[in-house]
Amino acid sequence: DGGITQSPKYLFRKEGQNVTLSCEQNLNHDAMYWYRQDPGQGLRLIYYSQIVNDFQKGDIAEGYSVSREKKESFPLTVTSAQKNPTAFYLCATRDRLNTEAFFGQGTRLTVV
Amino acid sequence: AQSVTQPDIHITVSEGASLELRCNYSYGATPYLFWYVQSPGQGLQLLLKYFSGDTLVQGIKGFEAEFKRSQSSFNLRKPSVHWSDAAEYFCAVGLDSWGKLQFGAGTQVVVTP
């Protein structure tokens, strides 16, 4: 079954700890994205990657890091440098032919 | 700087009435344009998209959108809303088919009986 899998759905971490959010896709899409969603602010782009081993900063990259070692996977690490990490995180993919983005179901991160 | 603006944070509409959601963008060239809908706690679903051709685009669930180059707008419309249309709606803009994709702040739609 094709799609985008984000895991876990809910994640709780203590302040000061790094945490990694998983995003896996079997759509064979080239581009992958990470967005952060906060109430009233829409989706803000953290990082995106168009090819393996390459990625670009989005509008709010500070305090986050990513890797793209294989086409199917684009994990996001929320580091202790991120001042306010509690949010809903969405992963998306896109291919050049269809142009539209497809989204995972999201991970809700709560830092206590 | 490139930007996407959805001027209305919140819209309340009666069931059966028409709905229009506004989206304006600031990009140098005609971008790729999208409308998405999100139910609470879920991912986003594509309603429709535009990048060339007929400026009136038909989407799913009875939605349509019109691209107006002179106004840098891509407004979403539905002639008669149903209670199930209550959700948050996002306009998205990209310069190409697989690069940076930027979203507006969203419009929350409430449908009253």
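What you are looking at is a predicted structure, and each value in this text was computed from that prediction instead of being measured.

S.K.: Mind laying out the overall build of chain B, listing which residues take part and the relevant values?
M.R.: Helix and strand counts for chain B stand at 0 helices and 12 strands. Reading chain B from its N terminus to its C terminus gives the helix and strand order β-β-β-β-β-β-β-β-β-β-β-β. Within chain B, buried positions represent 49% of all 113 residues. Taking contacts inside chain B between residues at least 6 apart in sequence as the whole, the part at least 24 apart equals 53%. Working note: accessible area of chain B is about 5200 Å², and carbon and sulfur atoms make up 50% of it.

S.K.: Can you lay out the overall build of chain A for me, pointing to particular residues and giving the numbers?
M.R.: For chain A, the count of helices and strands is 0 helices and 11 strands. For chain A, the N- to C-terminal ordering of α and β elements is β-β-β-β-β-β-β-β-β-β-β. Since a compact globule built from 112 residues should have a radius of gyration of about 13 Å, the 13 Å found for chain A is in line with a globular shape. By principal-axis analysis of the C-alpha atoms, chain A measures approximately 40 × 25 × 25 Å.

S.K.: Let's hear about the side chain of Thr107 of chain A: which residues, and what values?
M.R.: Residues and elements named next belong to chain A. For Thr107, the location among the structural elements is in strand E11 (residues 107-111). Polar side-chain contacts of Thr107 include one of 2.6 Å to the backbone oxygen of Pro8. Not counting the four nearest positions on each side in its chain, Thr107 is found in contact with Gln6, Ser7, Pro8, Lys9, Leu11, Leu21, Ala87, Phe88 and Tyr89.

S.K.: Break down the environment of Glu69 of chain A for me, citing the residues and quoting the values.
M.R.: Residues and elements named next belong to chain A. Looking at where Glu69 falls in the secondary structure, it is placed in the loop between strand E7 (64-66) and strand E8 (76-78). As for Glu69 and Gln82, which are separated by 13 residues in sequence, their C-alpha atoms are 23 Å apart. Excluding its chain neighbours within four sequence positions, the residues that come into contact with Glu69 are Val52 and Asn53.

S.K.: Which residues make up the sheet that holds strand E3 (residues 19-25) of chain A, and what are the values?
M.R.: Residue and element names in this part refer to chain A. Pairing in this open sheet of 4 strands is antiparallel, and the strands run E1-E3-E8-E7 from one edge to the other. Each edge of the sheet is formed by a strand with only one pairing partner; in this case those strands are strand E1 (4-7) and E7. Taking each pair of neighbouring strands and ignoring which way they run, the sheet shows an average axis angle of 20 degrees. Where E7 and E8 come together, 3 bridges link them in antiparallel fashion. Across the sheet, residue Tyr64 finds its bridge partner in E8, namely Val78.

S.K.: Give a detailed account of the interface of chain B and chain A, specifying residues and quantitative values.
M.R.: Tallying the contact residues gives 23 residues for chain B and 26 residues for chain A. Together, the buried faces of chain B and chain A total about 2100 Å²; carbon and sulfur atoms form 53% of this surface. Counting the surface chain B buries against chain A, the share from its top three residues, Trp98, Lys100 and Leu101 of chain B, is 32%. Among the ionic pairs, Lys100 of chain B bridges to Asp59 of chain A, the shortest N-O distance being 3.0 Å.

S.K.: How would you explain the nonpolar core if you had to name every residue and give the values?
M.R.: Ranked by size, the top nonpolar core spans 27 residues in total, and within it Trp35, Leu48, Leu76 and Tyr89 of chain B carry the most contacts. When residues of this core are traced back to their parent elements, those giving at least two are strand E2 (10-14), strand E3 (19-21), strand E5 (32-38), strand E6 (44-50), strand E8 (64-68), strand E9 (73-78), strand E10 (87-94) and strand E12 (107-112) of chain B. Sorting elements by how many residues they give to this core places E10 of chain B first, with 4 residues. Formed by 21 residues, the second largest nonpolar core is a distinct cluster that contains Leu90 of chain A together with Tyr32, Tyr36 and Leu101 of chain B.

S.K.: Which residues make up the pattern of salt bridges, and what values go with them?
M.R.: One pass over the structure, following the stated rule, counts 9 salt bridges over all chains. Between Lys49 of chain B and Glu100 of chain A there is a salt bridge, with its nearest N and O atoms 2.8 Å apart. Here Lys49 of chain B, found in strand E6, pairs with Glu100 of chain A, found in the loop between strand E9 (87-94) and strand E10 (101-103), and the two come from separate chains. Here Lys49 of chain B falls in the partly exposed class, since its relative accessible area comes to 25%. Salt bridges sharing common partners tie together Arg36, Asp38 and Arg44 of chain A.

S.K.: Can you explain the pairing of E9 of chain B? Please cite residues and give values.
M.R.: All names here are of chain B. The buried fraction of E9 amounts to 5 of the 6 residues, a majority that puts the element mostly inside the structure. As paired strands, E3 and E9 are joined by 3 bridges and run antiparallel to one another. Note that in E9 the partner of Leu19 across the bridge is Lys78. The pairing of E8 with E9 spans 5 bridges and is antiparallel. Note on E9: the bridge partner recorded for Phe67 is Phe74. Counting the residues that bridge the hairpin from E8 to E9 gives 4 residues, and of these Ser72 lies at a positive phi of roughly 50 degrees.

Basis of the calculations
Residues numbered from 1 in each chain as written. Chains lettered and ligands numbered in written order. Predicted model: local features only at pLDDT ≥ 70, side-chain atom pairs only at ≥ 80, totals over all residues. Heavy atoms only, no water. Helix = DSSP H or I, 4+ residues; strand = E, 2+ residues; numbered from the N terminus. Buried < 20%, exposed > 50% of the residue type's maximum accessible area, 1.4 Å probe, protein only. Contact = heavy atoms within 4.5 Å. Areas by Shrake-Rupley, 256 points an atom, 1.4 Å probe, with all protein chains shown as cover. Rg over C-alpha atoms; globule rule 2.2 N^0.38 Å. Polar contact = N/O pair within 3.5 Å; in protein donor to acceptor, adjacent residues only side chain to side chain. Pairing = 2+ DSSP bridges. Axes fitted to C-alpha atoms, helices over the stretch in contact; angles between N-to-C directions. Buried area = accessible area lost by both parts, 1.4 Å probe. Salt bridge = Lys/Arg side-chain N within 4 Å of Asp/Glu carboxyl O. Core = buried A, V, L, I, M, F, W, Y, C linked by side-chain atoms within 4.5 Å.

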